[in-house]
Number of protein chains: 2
Amino acid sequence: MSPRHSAAEAARTRERIVRAAVLDASRLGLEGLTVGSLAQRLDMSKAGLVGPFGSRERLLMAALEQACQVFRAAVVDPLEGLPPGPERLARFIDGWVDYLADCPFPGGCFLTAASSELDGRPGPLRDRLREIVAAGRRALAAEVAAAQAALPGPHRPAEEVATTLVGLSMAANQEIQLLEDPSAAARAREAMRHAAGLPA
Amino acid sequence: MSPRHSAAEAARTRERIVRAAVLDASRLGLEGLTVGSLAQRLDMSKAGLVGPFGSRERLLMAALEQACQVFRAAVVDPLEGLPPGPERLARFIDGWVDYLADCPFPGGCFLTAASSELDGRPGPLRDRLREIVAAGRRALAAEVAAAQAALPGPHRPAEEVATTLVGLSMAANQEIQLLEDPSAAARAREAMRHAAGLPA
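Basis of the calculations
- Residues numbered from 1 in each chain as written.
- Chains lettered and ligands numbered in written order.
- Predicted model: local features only at pLDDT ≥ 70, side-chain atom pairs only at ≥ 80, totals over all residues.
- Heavy atoms only, no water.
- Salt bridge = Lys/Arg side-chain N within 4 Å of Asp/Glu carboxyl O.
- Helix = DSSP H or I, 4+ residues; strand = E, 2+ residues; numbered from the N terminus.
- Buried < 20%, exposed > 50% of the residue type's maximum accessible area, 1.4 Å probe, protein only.
- Contact = heavy atoms within 4.5 Å.
- Buried area = accessible area lost by both parts, 1.4 Å probe.
- Polar contact = N/O pair within 3.5 Å; in protein donor to acceptor, adjacent residues only side chain to side chain.
- Least-squares fit on C-alpha atoms with pLDDT ≥ 70 in both.
- Phe/Tyr/Trp six-rings, centres within 6.5 Å; stacked < 30°, edge-to-face > 60°.
- Axes fitted to C-alpha atoms, helices over the stretch in contact; angles between N-to-C directions.
- Parallel < 35°, antiparallel > 145°, perpendicular 65-115°, else oblique.
- Left-handed = near helix turned anticlockwise from the far one by under 90°.
- Nonpolar A, V, L, I, M, F, W, Y, C, P; charged D, E, K, R; others polar.
- Expected span 1.5 Å × (residues − 1).
- Core = buried A, V, L, I, M, F, W, Y, C linked by side-chain atoms within 4.5 Å.

Novice: Quick question: what am I supposed to make of the pattern of salt bridges here?
Specialist: Pairing between side chains of opposite charge can happen when their charged atoms approach one another. The full count for this structure, using the stated rule, is 36 salt bridges over all chains. When the shortest N-O distance is used, the salt bridge between Glu 160 of chain A and Arg 156 of chain A registers 2.9 Å. With a closest N to O distance of 3.2 Å, Arg 126 of chain B and Glu 180 of chain A form a salt bridge. Here Arg 126 of chain B, found in helix α7 (residues 124–149), pairs with Glu 180 of chain A, found in the loop between α8 (158–177) and α9 (184–195), and the two come from separate chains. Classification of Glu 180 of chain A as partly exposed rests on a relative accessible area of 46%. Here the salt bridges share partners, and the residues they tie into one network are Arg 137 and Glu 159 of chain A together with Glu 175, Asp 181 and Arg 187 of chain B.

The structure is reproduced here in structure tokens:
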């Protein structure tokens, strides 16, 4: 096996482990993920599983980053090329609700679950999640402000609208995952559009 | 020791275990709670800890019920005697935000955390939590409908307003617990009052 071939193989192995870790962590929580059961499921040794990352915590960090990528690919990337404004915010909301209703994670929104799990557990995972969530909040408030600038007012403060949209995504996630309410996605879409001041 | 004395003692022991279990579960999740570390902290044997409940799962169920009691005592009980309507809904929102801002649980809202943790774990704990959350949702939508009946319209559907209020409580909980944002409680209060159609 040439060195290049073997590097590609190592990258594929790493990716396969991270994807499986995201699925386990979505069902069991990041801290609930056990190296033993993940290794067994992938038919690897524990050392072979953790080796590419150096530690269980770095494997969990890689899973957190991968989960963000999945969210971005589903909700943010499809907006590329659309200028900030009402149309872009409406498309963002549609993509967000679609993501919640037909979630790529078996346990529902990964970032919402990780936030509840990690908020009281100081450490690098919590620090990184806090950065990710805070950056997402800033980006969302900017999207809201850009849409408001092109819509008739009066408007609620963009920060408050961003909080309301994040909250509606969390409530919809609970209604879908825990309450199994078939009307949740449609209600969330209406409520988000209304909160954002978009035309009905 | 008389039998009556010993029954009272047993009830006090049970209560002491449940209170400690709620604190641990708030930080670590219900499934994260380990009998060994809880027993050590209470200076009891594992058998002595689980004995009064019959099983670890029933201990977790007792912790879930106790957490609901704590929420009710903080947010719902103070409304006793107030007739349904805008004043009662405003007081409910105030009490809810105060509960989130100065939370009796070390890890933030217990029911929000339990919902994220248990939604993908079938079993009696999830079933009971689902009942609790669904009943709370129905009660909240009824409070909203009663307030709307006494306020000038037009109104958003009461179910949608209930979803928005639940969502805002979850977003505020994240902003307080994970983001440590000092403006979170005031913003949530404003947004909840606005969503409920209450005068500013």
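Novice: Would you mind showing me how to read the interface of chain A and chain B here?
Specialist: Accessible area lost when the parts come together is the quantity often used to give the size of an interface. Counting residues at the interface gives 35 residues for chain A and 35 residues for chain B. Between chain A and chain B lies a buried interface of about 3,400 Å² when both sides are counted; carbon and sulfur atoms form 56% of it. There are 6 salt bridges connecting chain A and chain B. Across the pair Arg 130 of chain B and Glu 180 of chain A runs a salt bridge, and its minimum N-O distance is 2.7 Å. Where chain A touches chain B, the interface holds 20 residue pairs in polar contact (both at pLDDT 80 or more).

Novice: Sorry if this is basic, but what is going on with the relation of the copies chain A and chain B here?
Specialist: For the pair of chain copies, the relating operation is a rotation around an axis with a shift along it. After a rotation of 180 degrees and a shift along the axis of 0.0 Å, chain A superposes on chain B with an RMSD of 0.0 Å. Seen this way, the second copy is the image of the first under a two-fold rotation axis. It is Gly 167 of chain A whose C-alpha, among those of chain A, lies nearest the rotation axis, at 1.9 Å.

Novice: Would you take a moment to explain unusual backbone geometry for this structure?
Specialist: Negative phi values dominate among residues other than glycine, just as trans dominates among peptide bonds. Omega for the peptide link from Gly 153 of chain A to Pro 154 of chain A comes to 0 degrees, which places this bond in the cis form. Position of Pro 154 of chain A relative to the elements: it lies in the loop between α7 (124–149) and α8. A positive phi is found at Glu 180 of chain A, a non-glycine position, where the angle reads about 50 degrees. The backbone of Asp 43 of chain B shows a phi angle near 60 degrees, a positive value even though the residue is not glycine. Counting through the fold element by element, Asp 43 of chain B comes out in the loop between α2 (35–42) and α3 (46–50). With relative accessibility at 71%, the residue Asp 43 of chain B sits in the exposed group.

Novice: What is the right way to look at the packing of aromatic side chains in this model?
Specialist: How two aromatic rings sit relative to each other is set out by the distance from centre to centre and by the angle between their planes. By the definition in use, this model includes 8 aromatic pairs over all chains. An aromatic cluster of at least three residues, connected via ring pairs, comprises Phe 71, Tyr 99, Phe 105 and Phe 110 of chain A.

Novice: Before we go on, may I ask you to explain the side chain of Glu 117 of chain B in this structure?
Specialist: Residues and elements named next belong to chain B. Relative to the helices and strands, Glu 117 resides in helix α6 (residues 110–118). Engagement of the side chain of Glu 117 in a polar contact is seen with the backbone nitrogen of Leu 30, the distance being 2.8 Å. Engagement of the side chain of Glu 117 in a polar contact is seen with the backbone nitrogen of Glu 31, the distance being 2.6 Å. For Glu 117, the residues in contact, after removing those within four places along its chain, are Gly 29, Leu 30, Glu 31 and Gly 32.

Novice: Teacher, can you tell me more about the packing of helix α6 (residues 110–118) of chain A against α6 of chain B here?
Specialist: When two helices pack together, their arrangement is given by the angle between the helix axes and by the axis-to-axis distance. For the pair α6 of chain A and α6 of chain B, the least separation of the axes is 9 Å and the interaxial angle reads 125 degrees. When the interaxial angle is binned, α6 of chain A and α6 of chain B end up oblique. Seen from above, α6 of chain A lies across α6 of chain B with left-handed handedness. Between α6 of chain A, through Thr 112, Ala 113 and Ser 116 of chain A, and α6 of chain B, the contact on the second element is made entirely by Thr 112, Ala 113 and Ser 116 of chain B. For the contact of α6 of chain A with α6 of chain B, the residue count by class is 2 nonpolar, 4 polar and no charged.

Novice: I tried to follow helix α5 (residues 86–101) of chain A on my own but got confused; where do I start?
Specialist: Residues that lie three or four places apart on an α-helix share one face, since the helix turns once every 3.6 residues. Residues and elements named next belong to chain A. Here α5 spans 22 Å end to end across 16 residues, near enough to the 22 Å set by a 1.5 Å rise per residue. Burial in α5 covers these residues: Arg 88, Leu 89, Ala 90, Phe 92, Ile 93, Gly 95, Trp 96, Val 97, Tyr 99 and Leu 100. The secondary structure elements touched by the buried residues of α5 are α4 (56–76), α6, α7, α8 and α9.

Novice: Where do I start with the nonpolar core in this structure?
Specialist: Soluble, globular proteins show a tendency: their nonpolar side chains are buried together. Counting 136 residues, the largest nonpolar core has Trp 96, Tyr 99 and Phe 110 of chain A together with Trp 96, Tyr 99 and Phe 110 of chain B as the members making the most contacts within it. Ignoring sequence-local partners within four residues, the contact set of Phe 110 of chain B consists of Val 22, Ala 25, Ser 26, Leu 30, Leu 64, Ala 67, Tyr 99 and Phe 105 of chain B.

Novice: Please explain the side chain of Asp 24 of chain B as it appears in this structure.
Specialist: All names here are of chain B. Its location among the elements puts Asp 24 in helix α1 (residues 3–28). Side chain to side chain, Asp 24 and Arg 41 meet in a polar contact 2.5 Å long. Setting aside anything within four residues of it in sequence, one finds Asp 24 in contact with Gly 29, Leu 33, Ser 37, Leu 38 and Arg 41.

Novice: Teacher, can you tell me more about the packing of helix α5 (residues 86–101) of chain B against α7 of chain B here?
Specialist: All names here are of chain B. The contact between α5 and α7 brings their axes to 8 Å, and the two run at 135 degrees. Comparing the axis directions of α5 and α7 gives the class oblique. In this structure, α5 crosses over α7, and the sense of that crossing is left-handed. Listed contacts from α7 to Pro 86, Arg 88, Leu 89, Phe 92 and Trp 96 of α5 are Leu 140, Glu 143, Val 144 and Ala 147.

Novice: Mind showing me how you'd approach helix α8 (residues 158–177) of chain B here?
Specialist: The terminal C-alpha atoms of α8 of chain B lie 28 Å apart, and with 20 residues this matches the ideal 28 Å at 1.5 Å per residue to within 8%. Summarising burial for α8 of chain B: 19 of the 20 residues are buried, a large majority.

Novice: Is there a simple way to explain the environment of Thr 163 of chain A in this structure?
Specialist: Positionally, Thr 163 of chain A belongs in helix α8. Thr 163 of chain A sits 23 residues away from Leu 140 of chain A along the chain, and the two C-alpha atoms are 9.2 Å apart. What Thr 163 of chain A contacts, discounting residues up to four positions off in sequence, is Arg 137 of chain A together with Leu 168, Ala 171, Glu 175 and Arg 187 of chain B. Engagement of the side chain of Thr 163 of chain A in a polar contact is seen with the side chain of Glu 175 of chain B, the distance being 2.7 Å. In this structure the side chain of Thr 163 of chain A is engaged in a polar contact, spanning 3.0 Å, whose partner is the side chain of Arg 187 of chain B.

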